[in-house]
Amino acid sequence: MCECPFTVCRSLHPDHLWIWRPNVFVDENDRTWLPIINETESSLQVLMRQIKVSSGEAMQPSQLPPSMLPLMWQLYPGRRYRASDSSFWRIVYHIEISGVEDMVLEQLPDP
């Protein structure tokens, strides 16, 4: 993380993002990320915003409601993530402004 409250900073990408409960993901450093889904005719994007929220109790995958998002993402080389459903997501951007991280992921088409 960088100390620059009024400028844009680049941040390290989380190595993993796991679903914790509906609309809350947790990374390997126990930071919480909230997703905002944007679906168009040609792509599925998700804005992941790192905001500290009470994570509460973790839910089992069978307890979670249906979602367009995978249960887990793992960082892969080439600025992309591989999801638990074997899909790939590219990192469109990942920035930090005034202590708030935003990372936009876009699902890549199946090969």
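Because the structure is a prediction, the values reported are computed rather than measured.

Caption draft 1: Quick look at the nonpolar core. Within the largest apolar cluster, 16 residues are counted, with the highest numbers of intra-cluster contacts made by Phe25, Met48, Trp73, Trp89 and Leu105. Of all the elements, strand E5 (residues 44-50) adds the most residues to this core, at 3 residues.

Caption draft 2: Main features of the packing of aromatic side chains. One pass over the full model with this rule turns up 3 aromatic pairs. Each ring, one from phenylalanine 25 and one from tryptophan 73, has its centre 5.2 Å from the other, and the planes form 35 degrees; the classification is tilted. Of the two residues, phenylalanine 25 is situated in strand E3 (residues 24-27) and tryptophan 73 in strand E6 (residues 72-76); the sequence distance between them amounts to 48 residues. Of the two residues, phenylalanine 25 and tryptophan 73, neither departs from the other in class, the shared state being buried. Here the aromatic residues Phe25, Trp73 and Trp89 are joined through ring pairs into a cluster of three or more. Across the ring face of phenylalanine 88, the terminal group of arginine 80 is positioned such that the distance to the ring centre comes to 4.4 Å.

Caption draft 3: Up close: the pairing of strand E2 (residues 16-21). When E2 meets E6, the two strands line up antiparallel, connected through 3 bridges. The partner of leucine 17 across the bridge, within E6, is tryptophan 73. When E2 meets E3, the two strands line up antiparallel, connected through 4 bridges. Bridge pairing in E3 links tryptophan 18 to valine 26. Hairpin geometry of E2 and E3 is characterised by an intervening segment of 2 residues between the two adjacent antiparallel strands and by a positive phi of about 65 degrees at asparagine 23.

Caption draft 4: Structural context of the pattern of salt bridges. Counted by the stated rule, this structure contains 4 salt bridges. A salt bridge links arginine 49 to aspartate 102; the shortest N-O distance between them is 2.6 Å. Separated by 53 residues along the polypeptide, arginine 49 in strand E5 and aspartate 102 in strand E9 (residues 100-107) bring together distant segments of the chain. Residue class for arginine 49 comes out partly exposed when judged on its relative accessible area of 29%. Residue aspartate 102 is classed as buried on the basis of its relative accessible area of 12%. A salt bridge links arginine 90 to glutamate 106; the shortest N-O distance between them is 2.8 Å. Here arginine 90, found in strand E8 (residues 88-97), pairs with glutamate 106, found in strand E9; they are 16 residues apart in sequence, far enough to count as distant. According to the relative accessible area criterion, glutamate 106 is buried, its value standing at 14%.

Each value, and the rule that gives it
- Residues numbered from 1 in each chain as written.
- Predicted model: local features only at pLDDT ≥ 70, side-chain atom pairs only at ≥ 80, totals over all residues.
- Heavy atoms only, no water.
- Core = buried A, V, L, I, M, F, W, Y, C linked by side-chain atoms within 4.5 Å.
- Buried < 20%, exposed > 50% of the residue type's maximum accessible area, 1.4 Å probe, protein only.
- Helix = DSSP H or I, 4+ residues; strand = E, 2+ residues; numbered from the N terminus.
- Phe/Tyr/Trp six-rings, centres within 6.5 Å; stacked < 30°, edge-to-face > 60°.
- Lys NZ or Arg CZ within 6 Å of the ring centre and 35° of its normal.
- Pairing = 2+ DSSP bridges.
- Salt bridge = Lys/Arg side-chain N within 4 Å of Asp/Glu carboxyl O.

Function cannot be read off these values alone, since they describe shape.
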